[in-house]
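Structural characterization, general
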Amino acid sequence: MRVQVEFGGGLEIVSGIKQDSVDVGDGVSNVGGLITWLVANRLSHCVNQLILNNSLRPGIIVVINDDYEWGLYGKEACPLSDGDSVAFITTLHGG
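Presented here is an overview of the structure given in this document. Just so it is clear, the model here is predicted, and its values are computed rather than measured.

Scanning the protein from terminus to terminus reveals three helices and seven strands. Across the protein, helices and strands are ordered from the amino to the carboxyl terminus as β-α-β-α-α-β-β-β-β-β. What you see for the protein is a C-alpha radius of gyration of 12 Å, in line with the 12 Å of a compact globule of 95 residues. A total of 95 residues make up the protein; the buried ones form 38% of that total. Pairs at least 24 residues apart make up 57% of the contacts formed inside the protein by residues separated by at least 6 positions. For the protein, the computed accessible surface area is about 5200 Å², with 48% contributed by carbon and sulfur atoms. Side-chain charges in the protein split into 5 positive and 11 negative, and the spacing between the mean points of these groups amounts to 8 Å.

In structure tokens form, the structure reads like this:
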């Protein structure tokens, strides 16, 4: 499965990724699986800035397909499909 990931609100600086298309294989079916895959394969250098107690840190929201926030569909259990876009955005970036 291929997913478009985006990081914003300052997370692009922490992660080193603004936007990328990643092939996560067939084992990833939801946002929790994507986060696990990203931590293992792309974000190992910044885990402490993104993850707290095995979940995203407070203040990071996840938007699916520029359409809905993951909390509406079970957060980590929010299902993903091939071609989906997943944006990670911090609300704590100042302004």
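That was the structure; now back to the text.
To continue, consider the nonpolar core. Across soluble globular proteins, nonpolar side chains have a tendency to be buried as a group. Residues Leu34 and Phe88 are the most contacted members of the largest nonpolar core, which totals 28 residues. Counting residues per element, the ones that place at least two in this core are strand E1 (2–8), helix H2 (31–41), strand E5 (60–64) and strand E7 (85–90). Ranked by the residues each element gives to this core, the list is headed by H2, at five residues. Non-local contacts of Phe88, meaning those with residues more than four positions away in its chain, are made with Val5, Glu6, Phe7, Gly8, Leu11, Leu34, Ile35, Leu38, Leu56, Ile60, Ile61 and Val62.

This paragraph deals with the pattern of salt bridges. One pass over the full model with this rule turns up one salt bridge. Across the salt bridge formed by Asp20 and Arg42, the nearest N and O atoms sit 2.3 Å from each other. In this pair, Asp20 is assigned in strand E2 (residues 19–23) and Arg42 in the loop between H2 and helix H3 (47–50), connecting sequence segments 22 residues apart. Judged by relative accessible area, which is 23%, Asp20 ranks as partly exposed. On the basis of relative accessibility, which here comes to 33%, the residue Arg42 falls in the partly exposed class.

Cut-offs and rules
Residues numbered from 1 in each chain as written. Predicted model: local features only at pLDDT ≥ 70, side-chain atom pairs only at ≥ 80, totals over all residues. Heavy atoms only, no water. Helix = DSSP H or I, 4+ residues; strand = E, 2+ residues; numbered from the N terminus. Rg over C-alpha atoms; globule rule 2.2 N^0.38 Å. Buried < 20%, exposed > 50% of the residue type's maximum accessible area, 1.4 Å probe, protein only. Contact = heavy atoms within 4.5 Å. Areas by Shrake-Rupley, 256 points an atom, 1.4 Å probe, with all protein chains shown as cover. Lys, Arg positive; Asp, Glu negative; His and termini not counted. Charge placed at Lys NZ, Arg CZ, Asp CG, Glu CD. Core = buried A, V, L, I, M, F, W, Y, C linked by side-chain atoms within 4.5 Å. Salt bridge = Lys/Arg side-chain N within 4 Å of Asp/Glu carboxyl O.

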